[in-house]
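# Notes for the structure review
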Amino acid sequence: MIAFSNVNKWYGNYHALNDINAEVKKGEVVVVCGPSGSGKSTLIRTVNRLEEIKSGELRFDGQNVHAPMSSSELNRLRSRIGFVFQSFNLFPHLSALDNVMLSPMRVRGVKRAEARDKAMQLLERVGLATKAPSYPAQLSGGQQQRVAIARALAMEPPAMLFDEPTSALDPEMVGEVLAVMRRLAEDGMTMMCVTHEMGFARDVADRVWFMDAGRILESTEPESFFRNPQHPRAKRFLSDLRSH
Amino acid sequence: MLTDVFDILRDNWLLLLVGQFPNGPLGGIACTLILSVLGIVLAFPLSVALALARLSPWRLLNWPATALVYIARGVPLLMIILWVYFLVPLLIGHNVSGFVTMLCTLVLYEGAYLAEVVRAGIEALPNGQMEAARALGHSHLGAMRLVILPQALFNMLPSMLSQFVSTIKETTLGYVINVPELTFAANQINNQLLTKPFQVFFILAIIYFVVCWSLTRAATALERRIAARRAGLAGAKPGKPAPLAVQPLSAEP
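In every chain, residue numbers begin from 1 and rise along the written sequence. Chain letters start at A and ligand numbers start at 1, both assigned in the order the entries are written. The predicted origin of the model limits local features to residues at a pLDDT of at least 70 and limits the giving and counting of side-chain atom pairs to 80 or more, whereas totals for whole chains, interfaces and linings rest on all residues. Computation of side-chain values: all heavy atoms of the structure, hydrogens and water removed.

### What about the overall build of chain A?
Helix and strand assignments come from DSSP, with helices taken as H or I runs of at least 4 residues and strands as E runs of at least 2, each series counted from the N terminus. Helix and strand content of chain A: nine helices and 10 strands. Its C-alpha atoms put chain A at 55 × 45 × 30 Å along the principal axes. Any residue under 20% of the maximum accessible area for its type is buried, any over 50% is exposed, and the rest in between are partly exposed; the area is computed with a 1.4 Å probe on protein chains only. Residue burial in chain A is summarised as follows: out of 244 residues, 56% are buried. Contacts are residue-level and defined by heavy atoms, with any inter-residue pair within 4.5 Å sufficient. For chain A, long-range pairs separated by at least 24 residues make up 65% of all intrachain contacts whose partners lie at least 6 apart in sequence. Summed over its atoms, the accessible surface of chain A is roughly 10,500 Å², and 45% of this surface lies on carbon and sulfur atoms. His is not counted, nor are the chain ends; Lys and Arg add positive charge and Asp and Glu add negative charge. In plain terms, the charge of a residue is placed at NZ if it is Lys, CZ if Arg, CG if Asp and CD if Glu. In chain A, 31 positive and 28 negative side-chain charges are present, and the distance between their average locations comes to 3 Å. All accessible areas in this document rest on Shrake-Rupley with a 1.4 Å probe, and a residue is counted as covered only by the protein chains that are shown.

### Looking at the overall build of chain B
Secondary structure assignment for chain B yields nine helices and zero strands. Taken from N to C terminus, the helices and strands of chain B fall in the order α-α-α-α-α-α-α-α-α. Seen through its principal axes, chain B has C-alpha atoms that stretch 70 × 55 × 30 Å. Counting all 253 residues of chain B, 44% fall into the buried class. Put simply, 72% of the contacts in chain B that link residues at least 6 apart link residues at least 24 apart. Carbon and sulfur atoms make up 69% of the accessible area of chain B, which amounts to about 13,200 Å² in all. Here chain B holds 16 positive side-chain charges and 11 negative ones, and the gap between their average locations is 12 Å.

### A word on the sheet that holds strand β2 (residues 14–24) of chain A
Residue and element names in this part refer to chain A. Pairing within the open sheet is antiparallel, and its four strands lie in the order β2-β1-β4-β5. Looking along the sheet, the strands with just one partner apiece sit at the ends: β2 and β5 (63–64). When DSSP finds at least two bridges between two strands, those strands are taken to pair. Here strand β1 (residues 2–11) pairs with strand β4 (residues 55–60) via five bridges, running antiparallel. Directly across from serine 5, in β4, lies its bridge partner glutamate 57. Fitted lines through C-alpha atoms serve as axes, helices being fitted only where they are in contact, and the angles separating the N-to-C directions of these axes extend from 0 to 180 degrees. Across the sheet, helix α1 (residues 40–47) touches β1, β2 and β4, and the angle it forms with β1 is around 120 degrees.

### Focus on the interface of chain B and chain A
Taken together, the contact between chain B and chain A spans 20 residues of the former and 24 residues of the latter. Two parts placed together each lose some accessible area under a 1.4 Å probe, and the buried area is that loss summed for both. Roughly 1,900 Å² is buried in total at the junction of chain B and chain A, and carbon and sulfur atoms are behind 58% of that figure. A pair is scored as a salt bridge if a Lys or Arg side-chain nitrogen falls within 4 Å of a carboxyl oxygen belonging to Asp or Glu. Run the count over chain B and chain A and you get one salt bridge. In this structure, glutamate 131 of chain B engages arginine 45 of chain A in a salt bridge whose closest nitrogen and oxygen atoms are separated by 2.5 Å. Any N or O atom pair separated by 3.5 Å or less is treated as a polar contact, with the protein-specific requirement of one donor-capable and one acceptor-capable atom, and with residues adjacent in sequence counted only for side-chain atom pairs. For the interface between chain B and chain A, the tally reads six residue pairs in polar contact (both at pLDDT 80 or more). Of all the secondary structure elements, the ones that give two or more residues to the side of chain B that touches chain A are α6 (127–135), α7 (140–170) and α9 (197–230) of chain B. Looking at the side of chain B that touches chain A element by element, the count peaks at seven residues for α6 of chain B. In this classification, the charged set is Asp, Glu, Lys and Arg, the nonpolar set is Ala, Val, Leu, Ile, Met, Phe, Trp, Tyr, Cys and Pro, and all remaining amino acids, among them Gly, are polar. In the side of chain B that touches chain A, the residues fall into eight nonpolar, seven polar and five charged.

### A look at the side chain of serine 56 of chain B
All names here are of chain B. By the secondary structure assignment, serine 56 is in the loop between α2 (28–55) and α3 (59–74). According to the relative accessible area criterion, serine 56 is buried, its value standing at 11%. Ignoring any residue separated from it by four or fewer positions in sequence, one finds serine 56 in contact with Leu61 and Asn62.

### Side note on the pattern of salt bridges
Counted under the stated rule, the structure contains 17 salt bridges over all chains. Ionic contacts of the salt-bridge type, sharing partners, join the residues Lys9, Arg45 and Glu51 of chain A together with Glu131 of chain B into one network.

### Side note on the sheet that holds strand β8 (residues 190–194) of chain A
Residue and element names in this part refer to chain A. Within the open sheet, the six strands sit side by side as β6-β7-β8-β3-β9-β10. Their pairing is mixed. In this open sheet, the two edge strands, each paired with only one partner strand, are β6 (81–84) and β10 (215–220). Neighbouring strand axes in the sheet, compared pairwise and without regard to direction, differ in orientation by 15 degrees on average. Alignment of strand β7 (residues 159–163) against β8, held across five bridges, turns out to be parallel. Residue pairing for β8: methionine 160 is matched across the bridge by methionine 191. Across the face of the sheet, helix α6 (residues 171–186) comes into contact with β3 (29–33), β7 and β8 while running at roughly 150 degrees to β8.

### With respect to the pairing of β10 of chain A
Residue and element names in this part refer to chain A. Pairing between strand β9 (residues 207–212) and β10: five bridges, direction antiparallel. Across the sheet, residue phenylalanine 210 finds its bridge partner in β10, namely glutamate 218. Hairpin connection, β9 to β10: the antiparallel pair is bridged by two residues, and alanine 213 has positive phi, about 50 degrees.

### With respect to a positive patch on the surface
Residues Arg106, Arg112 and Arg116 of chain A together with Arg145 of chain B make up a contiguous surface patch of positive charge. Counting through the fold element by element, arginine 145 of chain B comes out in helix α7. What goes into a patch is any residue over 30% in relative accessible area without a salt bridge, connected to like charges within 9 Å or, for nonpolar side chains (Val, Leu, Ile, Met, Phe, Trp, Tyr), within 5 Å.

### Notes on the packing of aromatic side chains
Residues and elements named next belong to chain A. By convention, a stacked pair of Phe, Tyr or Trp rings (six-membered ring in the case of Trp) has centres within 6.5 Å and planes under 30 degrees apart, an edge-to-face pair has planes over 60 apart, and any other such pair is tilted. This structure, assessed with the given rule, holds 10 aromatic pairs over all chains. With a centroid separation of 6.0 Å and 35 degrees between ring planes, the pair formed by phenylalanine 210 and phenylalanine 225 is classed as tilted. Of the two residues, phenylalanine 210 is situated in strand β9 and phenylalanine 225 in helix α8 (residues 222–227); the sequence distance between them amounts to 15 residues. A single burial state applies to phenylalanine 210 and to phenylalanine 225, both of which are buried.

### Things to note about α1 of chain A
Each full turn of the α-helix corresponds to 3.6 residues, which orients residues three or four apart in the same direction. By the criterion of burial, α1 of chain A is predominantly enclosed, with seven of the eight residues buried. One or two residues past the end of α1 of chain A sits arginine 49 of chain A, with phi positive at roughly 65 degrees.

### Some details on unusual backbone geometry
Keep in mind that most residues, glycine aside, have a negative phi and that most peptide bonds are trans. Backbone torsion omega between phenylalanine 21 of chain B and proline 22 of chain B reads 0 degrees, so that peptide bond is classified as cis. Despite not being glycine, arginine 49 of chain A shows a phi value in the positive range, around 65 degrees. Relative to the elements of secondary structure, arginine 49 of chain A occurs in the loop between α1 and β4. With relative accessibility at 14%, the residue arginine 49 of chain A sits in the buried group. Of note in the backbone geometry, asparagine 89 of chain A takes a positive phi value of approximately 55 degrees without being a glycine. Note on placement: asparagine 89 of chain A falls in the loop between β6 and α3 (96–108). When its relative accessible area of 8% is taken as the criterion, asparagine 89 of chain A is described as buried.

Next comes the structure, spelled out in structure tokens:
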């Protein structure tokens, strides 16, 4: 579904992504972890071309993402990739319901009534049907992020990308967002998640990619990653996590 | 002194209100307000277009817009009025009224100032808003129209209203090209009376002050109401208005 081959990216002289070769298969849940500055967010942002790459190839659902294409082709491609941000980025001038309805109507041309029904179903699915008329400022962080997930799902993407979806949340709100993501995974959604939630990685992920200094150092099943990390950097990372 | 003021008002209130109308062109406060409203209403779309061009990565859009904004902001308003007054008839081959001249000048001048307000409003929004809209598949212009501008324009409302107040004060310069606005009317009265300039221009100052002050008050009230609605406190006690994302630019001529 998402295939990186020999992907490289530089910020000036800094090698942000170093020869990435990896694949997220259809229906798979991949958790990307690693120390800060290791390139996790950069990696996930190259998938819908919020970041450009220098060399290599990145395919999403068979389509070469970084090939030259018209802006309308790129918009169509992006509309098929669900993306959830660390800072939610809900549109504050729109109600929760309108946030979810906006893009199906304006990008896909879905009729208002249809978009509305779909949006209500999705808000139901993330447990926020009663909050449909609320504005983002009236919602807690966890509720905002669940609306953001519903908004991304409204475009019916074949895969969802999560860029540290719980890092900006108060601890007591992390659980509700992870629960929604867990249910998505159970429903068979293809997911790529940058997260520090190792409990989620252990329970839900099919694979864990461990990154450091722009490379994927390990790509294994969570069981073996947590029990028996191969790379010394991964060992240190895990022991640092456990020590507090 | 006060009796003089009342006498002048009693004898000339119609002139101050509508000028020579209906026996001549519409003037006085009516002219001032119509000029200001038309000026700001027509300047607004121009300012949005200029701001988008200023933010565009394309030099073909960016450079002319930037040049226009810098020139309009770097030249005294009176200078632009005189340029339009003498040049436009040469360009189009026939005379235009002072009102039209003044209106064109105001649209150009206010457009340039408002463009910077709009640009600041757009740039003050977190980058994540544009990113989120683009990630959902909206085009750049679609994201601007549906996500960025509604928020930016809302944040700019107070600045735009203060710009409107500035515009009202700037219409006084129409006096030099014989636009029959309020200052022109007051000067007519002064020329008739000859002996009471202080009283006449006192009235003039008071009228401008009342109009501008009440508009400023209305702007503050509006700002509070919308801020309360946005924060979901509709019906709750009115608090202090939220801090402005955009500080009003000073646009005094």
